[in-house]
Number of protein chains: 2
Amino acid sequence: MPYTLGLDYGTNSARALIVRCRDGKELASCVMPYPSGTQGVLLSSDDDLLARQHPGDYLTTLEETVRGALAKAAADADFSPDKIIGIGVDSTGSSPLPVKADNSALGCDPAHRDNLNAQCWLWKDHTSHAEAAKITELGRKHRPQYLAKCGNTYSSEWWWSKIWHCLNVDPETFAQAYSWVELADWVPSQLAGVDKPENIRRGVCAAGHKAFYAEDWGGLPDEDFLKMLAPEIAALRERLYDKAYDASHTAGTLCEAWAKRLGLRTGIPIAIGEMDVHYGAIGCGVSEGALVKVIGTSTCDCTVVSADKDVADIPGICGIVQGAILPGYYGIEAGQSAVGDLFKWWVEGVCGGDGSLHAELTAEASRLRPGQSGLLALDWNNGNRTVLVDQRLSGLIIGQTLHTTRAEIYRALIEATAYGARMILERIAEYGVPVERIICAGGIAEKNTMLMQIYADVTGRTIQVSRSDQSCALGSAVAAAVVAGPEAGGYADFAAAEAAMTGLKPVAYEPDPRAHAVYDQLFKLYQKIHDAFGGVSTEALGHVMKDLMCLKEDSRRA
Amino acid sequence: MPYTLGLDYGTNSARALIVRCRDGKELASCVMPYPSGTQGVLLSSDDDLLARQHPGDYLTTLEETVRGALAKAAADADFSPDKIIGIGVDSTGSSPLPVKADNSALGCDPAHRDNLNAQCWLWKDHTSHAEAAKITELGRKHRPQYLAKCGNTYSSEWWWSKIWHCLNVDPETFAQAYSWVELADWVPSQLAGVDKPENIRRGVCAAGHKAFYAEDWGGLPDEDFLKMLAPEIAALRERLYDKAYDASHTAGTLCEAWAKRLGLRTGIPIAIGEMDVHYGAIGCGVSEGALVKVIGTSTCDCTVVSADKDVADIPGICGIVQGAILPGYYGIEAGQSAVGDLFKWWVEGVCGGDGSLHAELTAEASRLRPGQSGLLALDWNNGNRTVLVDQRLSGLIIGQTLHTTRAEIYRALIEATAYGARMILERIAEYGVPVERIICAGGIAEKNTMLMQIYADVTGRTIQVSRSDQSCALGSAVAAAVVAGPEAGGYADFAAAEAAMTGLKPVAYEPDPRAHAVYDQLFKLYQKIHDAFGGVSTEALGHVMKDLMCLKEDSRRA
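Just so we're clear, the structure is a prediction, and the values are computed from it rather than from any experiment. (Residues numbered from 1 in each chain as written. Chains lettered and ligands numbered in written order. Predicted model: local features only at pLDDT ≥ 70, side-chain atom pairs only at ≥ 80, totals over all residues. Heavy atoms only, no water.)

## Describing the overall build of chain A
The helix and strand inventory of chain A stands at 20 helices and 23 strands. Taking 2.2 N^0.38 as the reference for a compact globule, 558 residues should give roughly 24 Å; the C-alpha atoms of chain A span a radius of gyration of 23 Å, in line with that estimate. With respect to the principal axes defined by its C-alpha atoms, chain A has extents near 70 × 60 × 50 Å. Looking at chain A as a whole, 65% of its 558 residues qualify as buried. In chain A, once contacts between residues fewer than 6 apart in sequence are set aside, the share between residues at least 24 apart is 73%. Averaging the locations of the 51 positively and 70 negatively charged side chains of chain A gives two centres separated by 3 Å. (Helix = DSSP H or I, 4+ residues; strand = E, 2+ residues; numbered from the N terminus. Rg over C-alpha atoms; globule rule 2.2 N^0.38 Å. Buried < 20%, exposed > 50% of the residue type's maximum accessible area, 1.4 Å probe, protein only. Contact = heavy atoms within 4.5 Å. Lys, Arg positive; Asp, Glu negative; His and termini not counted. Charge placed at Lys NZ, Arg CZ, Asp CG, Glu CD.)

## Description of the interface of chain A and chain B
Contacts between the two partners involve 48 residues from chain A, matched on the other side by 48 residues from chain B. Around 4,100 Å² of area is buried between chain A and chain B when both sides are counted, 57% of it from carbon and sulfur atoms. Counting every contact that joins chain A to chain B gives four salt bridges. Measuring nitrogen to oxygen at the nearest pair gives 2.9 Å for the salt bridge that ties Arg 392 of chain A to Glu 553 of chain B. Counting across the chain A and chain B interface gives 23 residue pairs in polar contact (both at pLDDT 80 or more). Counting only elements with at least two residues in the side of chain A that touches chain B, the list comes to helix H12 (340-350), strand S20 (395-400), helix H14 (406-430), helix H19 (513-533) and helix H20 (544-557) of chain A. Among the elements that line the side of chain A that touches chain B, the one with the most residues is H20 of chain A, at eight residues. Bridge count for S20 of chain A against strand S20 (residues 395-400) of chain B is five bridges, and the pairing is antiparallel. For Ile 397 of chain A, the partnering residue across the bridge sits in S20 of chain B and is Ile 397 of chain B. (Buried area = accessible area lost by both parts, 1.4 Å probe. Salt bridge = Lys/Arg side-chain N within 4 Å of Asp/Glu carboxyl O. Polar contact = N/O pair within 3.5 Å; in protein donor to acceptor, adjacent residues only side chain to side chain. Pairing = 2+ DSSP bridges.)

## Notes on the pairing of strand S7 (residues 96-99) of chain B
Residues and elements named next belong to chain B. Neither face of S7 is open: one carries Pro 96 and Pro 98, the other Leu 97 and Val 99, and all of them are buried. Here S7 runs beside strand S9 (residues 179-182); their pairing, made up of four bridges, is antiparallel. Bridge assignment links Val 99 to a residue of S9, and that residue is Ser 179.

## A few points about the relation of the copies chain A and chain B
The operation linking the two copies of the chain is a rotation about an axis combined with a translation along the axis. Of the transformation superimposing chain A on chain B, the axial component is 0.0 Å and the angular component is 180°, with the fit at an RMSD of 0.0 Å. The symmetry that links the two subunits is that of a two-fold axis. When the interface residues of chain A are mapped onto chain B, 100% of them again fall at the interface, so both copies present the same face. (Least-squares fit on C-alpha atoms with pLDDT ≥ 70 in both.)

## Brief notes about a negative patch on the surface
On the surface, Glu 198, Glu 223, Asp 224 and Glu 238 of chain A cluster together into a patch of negative charge. Relative to the assigned elements, Glu 223 of chain A resides in helix H8 (residues 223-229). (Patch = residues over 30% accessible without salt bridge, like charges linked within 9 Å, V, L, I, M, F, W, Y side chains within 5 Å. Areas by Shrake-Rupley, 256 points an atom, 1.4 Å probe, with all protein chains shown as cover.)

## Re the pattern of salt bridges
Scanning all chains against the criterion turns up 44 salt bridges over all chains. With a closest N to O distance of 2.8 Å, Lys 100 of chain A and Asp 109 of chain A form a salt bridge. For Lys 100 of chain A, a relative accessible area of 25% puts it in the partly exposed group. Since its relative accessible area comes to 18%, Asp 109 of chain A is described here as buried. In this structure, Glu 215 of chain B and Lys 243 of chain B form a salt bridge, with 2.8 Å as the shortest nitrogen-oxygen distance. With a gap of 28 residues between them, Glu 215 of chain B in the loop between helix H7 (204-210) and helix H8 (223-229) and Lys 243 of chain B in the loop between helix H9 (231-236) and strand S11 (244-245) connect regions that are remote in the sequence. Looking at Glu 215 of chain B, the relative accessible area reads 56%, which means it is exposed. For Lys 243 of chain B, a relative accessible area of 38% corresponds to the partly exposed category. Salt bridges here are not isolated pairs; linked through shared partners, they connect Arg 20, Arg 22 and Asp 23 of chain A.

## With respect to helix H2 (residues 129-142) of chain A
Residue and element names in this part refer to chain A. The first and last C-alpha atoms of H2 sit 20 Å apart over 14 residues, in line with the 20 Å expected at 1.5 Å per residue. Among the residues of H2, those classed as buried are Glu 131, Ala 132, Ile 135, Thr 136, Leu 138 and Gly 139. Residues of H2 that are buried make contact with helix H3 (144-148), helix H4 (159-169) and H8. (Expected span 1.5 Å × (residues − 1).)

## Structural notes on the domain arrangement of chain A
All names here are of chain A. Parsing chain A into structural domains produces domain 1 (3-277) and domain 2 (340-428 + 513-557). The centre of domain 1, based on its C-alpha atoms, is set 34 Å off from the matching centre of domain 2. At the interface, ten residues of domain 1 touch eight residues of domain 2. Summed over both sides, the interface of domain 1 with domain 2 buries roughly 740 Å², with 46% coming from carbon and sulfur. Counting across the domain 1 and domain 2 interface gives one salt bridge. As a salt-bridge pair, Glu 157 and Arg 385 come within 3.5 Å of each other at their nearest N and O atoms. Inspection of the domain 1/domain 2 interface yields three residue pairs in polar contact (both at pLDDT 80 or more). Here the side of domain 1 that touches domain 2 is composed, by residue class, of one nonpolar, seven polar and two charged. (Domains from an automatic or database assignment. Nonpolar A, V, L, I, M, F, W, Y, C, P; charged D, E, K, R; others polar.)

## Focus on the sheet that holds strand S23 (residues 504-509) of chain B
All names here are of chain B. Taken together, the seven strands give an open sheet; going across it, the order is S17-S18-S16-S15-S21-S22-S23, and neighbouring strands pair in mixed fashion. In the strand order of this sheet, the two ends are held by strand S17 (319-322) and S23, each with one partner. For this sheet the average axis-to-axis angle between neighbouring strands, irrespective of direction, equals 25°. Sheet analysis places strand S15 (residues 290-295) next to strand S21 (residues 437-441), joined by five bridges and oriented parallel. Looking at the pairing, Leu 291 lines up with Ile 438 of S21. Strand contacts of helix H11 (residues 276-283): S15, strand S16 (299-306), strand S18 (329-336) and strand S22 (462-466), with the helix running at about 65° to S16, the strand carrying the most contacts. (Axes fitted to C-alpha atoms, helices over the stretch in contact; angles between N-to-C directions.)

## Some points on unusual backbone geometry
Here the bond from Gly 93 of chain A into Ser 94 of chain A is cis, since omega is 0°, no more than 30 degrees from zero. Backbone torsion omega between Thr 386 of chain B and Val 387 of chain B reads 5°, so that peptide bond is classified as cis. Along the chain, Val 387 of chain B falls in the loop between strand S19 (376-378) and S20. Positive phi values are uncommon outside glycine, yet Phe 212 of chain A reaches one of about 60°. For Phe 212 of chain A, the position within the fold is in the loop between helix H7 (204-210) and H8. The class for Phe 212 of chain A is buried, based on a relative accessible area of 4%. At Val 389 of chain B, a residue that is not glycine, the phi angle is positive and equals roughly 50°.

## Concerning the pairing of strand S6 (residues 84-91) of chain A
Residue and element names in this part refer to chain A. Burial runs high along S6: eight of the eight residues are buried. Two elements, strand S1 (residues 3-9) and S6, share six bridges in a ladder whose sense is parallel. Residue pairing for S6: Gly 6 is matched across the bridge by Gly 88. Here two bridges tie S6 to strand S14 (residues 274-275), and the two strands are oriented parallel to one another. Note that in S14 the partner of Ser 91 across the bridge is Met 275.

## Examining the side chain of Ser 128 of chain B
Relative to the assigned elements, Ser 128 of chain B resides in the loop between strand S8 (120-121) and helix H2 (129-142). Excluding anything up to four places from it in sequence, Ser 128 of chain B contacts Trp 121, Ser 156, Ser 161, Lys 162 and His 165 of chain B.

## A word on the sheet that holds strand S21 (residues 437-441) of chain A
All names here are of chain A. Spatially, seven strands are ordered S17-S18-S16-S15-S21-S22-S23 in an open sheet, and the strand pairing comes out mixed. The strands lining the two open edges of the sheet, one partner per strand, are strand S17 (319-322) and strand S23 (504-509). Geometrically, the sheet is characterised by an average inter-axis angle of 25° between neighbouring strands, direction not taken into account. Lying on the sheet, helix H16 (residues 449-459) is in contact with strand S15 (290-295), S21, strand S22 (462-466) and S23; it crosses S22 at an angle near 140°.

## Some words on the environment of Ala 184 of chain B
All names here are of chain B. In this structure, Ala 184 sits in helix H6 (residues 183-191). A relative accessible area of 1% means that Ala 184 is categorised as buried. Residues Ala 184 and Gly 323, 139 residues apart in the sequence, show an inter-C-alpha distance of 15 Å. The residues contacting Ala 184, other than those within four sequence positions of it, are Ser 91, Gly 273 and Glu 274.

See below:
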């Protein structure tokens, strides 16, 4: 009875999950918060935009979570560690870290332990916004084909922005880095005992979405383009990689040292690393026509389209990358920069409450009808990832009176994230990628039924919930079963593995036609504000507050 | 040693003040909350916009506050009630109430005690917005001269909107009303024992600012115009008035019945009624070049220009009325619909705090530099009174991140009211009414030094504070001293009475040039948002969030 191991590196903690290959049964899991920083994130009192992570934390939690999961799994008489036939790894991204020539993390070097620039640059680090703008400018002018695959705007969250920013603000640290690696690639490379950065097998997922990688133009951006950033960046190119791989490939096999540390068999295959939401999409059973939305601090949306189809570039969609999720399909990734974080900001940061206030506001907000509060918000407190791809946007709340309550604002923020979600659906549909149903995953999707119903009502789509509450780790375990292959007790392809190992919860949220009709009107107003403050339009806005007041009055009569 | 009595009818309470004529010494005062409703205001659970007051409360508090003040004044050996030589009355406005043929309040009739439409329609009742819009439309088309004097837009807070709305929603109550009277006129008429509405001496202050009254066109709007509203409104005209009076006139003399109830001399003169902020301006020592700003739940701004000058109509300024404040001067009134109410909404309504949270947030907000929060707000949670004159506008907050604090938003709301104040100053300066200094009054002006400094920094003007903390009642007492005249121990004119009876506190707030320079930039952004959502412009707004972020970064370097 074979099992696989899925490892998931989130924003605040790491997770190990042991899954039974036959039916996806989640035998045991173990979660551990990263020991360093504030909730696992290294912050700077000087700069709100900075977010780093200590790479040593990844190794500490790797050992602890795997050993923890194995210890729990031991309770099952059928299980033993040698029945684990493969490992899959996912992580946040783009989260690049500088490494030394032996592939060890520069941030783990005692000389750099307190150097924030030598640590892993977490996905939500936005210090590189000036570099991102410059890369966008250079790309538009000189390499439009690069930008076309990532929504025509390069983000401060991404690989080249961050590495270049490191060079600009701390050339000494940059010079100490032999190479740079995405976290999703670095953890598999450690497990495989890779001791030269040149030998790391990089995933096409992060490479294609975040680093302008595509086979069309021979891999990473050409040297001439990188020289426009800086000669040092161009020089780095040869210590990076020429080829990146999809999830039909392994990143290597488990080395003896790590096999010992973890108590697993040496030599089992390690799937190529993908970003968390991509393996999460697989853990939710992604397929054509179904969009997976992982709702956490932020939101990532993933869907797939057969690589046989002619998928156009989609403006504002951060990535359309062949093989990024499933081999043989274009992976389409989009997302919203703040979702759970936005609600947390309101309830904890502003209202000064805790979990019980979340529950109280949810109860109160549930009693409101669409339009009743007269409020409209933009979900941009952490910038906009899709479809504007602009980190220097910020939040907006409109329509408040002297009677507006905190619960009304709470609901308006939830609705704002739903409108943001709909913007993405409308954009990809416009370019030939229709979405019939949405499969959600993440704690909020499981707990907040009000939010789920609002998402159904705003988007007009059926909303389903992934059976697993650890879809990312499950998706990694599915990938592990595929690289292990049928001869070892795994699967020949992802279709078979997904069918056997993933599923949905019995609940589904269907759009209410009356609520949907009101939200159609509110969404039109959202689009106006979105386009005005996003710099897309100069339409008249004088009607917006009036329209909101009319909708408020209508909702009273409803 | 003569004294006068000033009576002030505010939004939540009534006040009586006994003032020594020689030097303005405030001998004794007594405040009493209105007994009915929520903090003195009758509300409706069905309609946020409704705000009424029970007229019986005015009579109850009249007797109680005057007797209370007299009792306190008795401690002064020099004082006796017969030394009171005159009475002045101010009130909120436009606050019209329906009266019966004997000048008693319809709302006091037991048959109408629970009828909200029979009560006094408090200034902040906005149920009449549809009527206001229609009056604006009719006025623009048929009587532009009427609208020119009140900012080209008629408000839902005003006389004709309210009376017409009563007819539209409750014709039976309308039919029961023999006439309608402004509260500022009704209280003096009760004191004078006027038993026919036709005999009430109405003040030009409320008439000119709120009811389209002007001598230029022979008083109230002509019958043909009122017929366009409704025949019933036109028919009401003859039970209203043809002439209204400035503060050089009396509303009558104290009748025997009220003299007995209050314990005062029969026959002492009662000054014509003015709205609270107008007599408040006098209590603060208003003069040409000095603008008086009474900061309370909302804000009223008043200044004067000699009637010899040719004052143009000023778009968006709700009133330019000869004699409305001082005889011989145009009175100019402007205002902001929510100031103290806006802070209260945030601290109490949203953050769920009390007075101590106000203090805590003020302390925290004081440490912020201009621009540091990256926030910008519109002060429209209760609509916009000046210069847009549009009650159907609402609030807006922009620029928030996931790190934005409640104290930052608190400060942004204070700044928003300062920008609103500056909009008024810039508009009247543009039309030839420059303001060199601002004299503030009201509790906030005395207590919140942070707010006062922000106002100085945003407006670039010296901000002074009225010596009296009950300027409205003091102004009423000044008017009483003028109508009593020098022969009784009062004064021959307002200039002499103001000079003797009013003054400033020693403190003054001077603009800080560096803060003013930053606020100049923020004010430009405020104007953009103001004009966009106010329906005035269709300029591009895509730069707004970016500019705020730049100012935030600049403030870090400052």
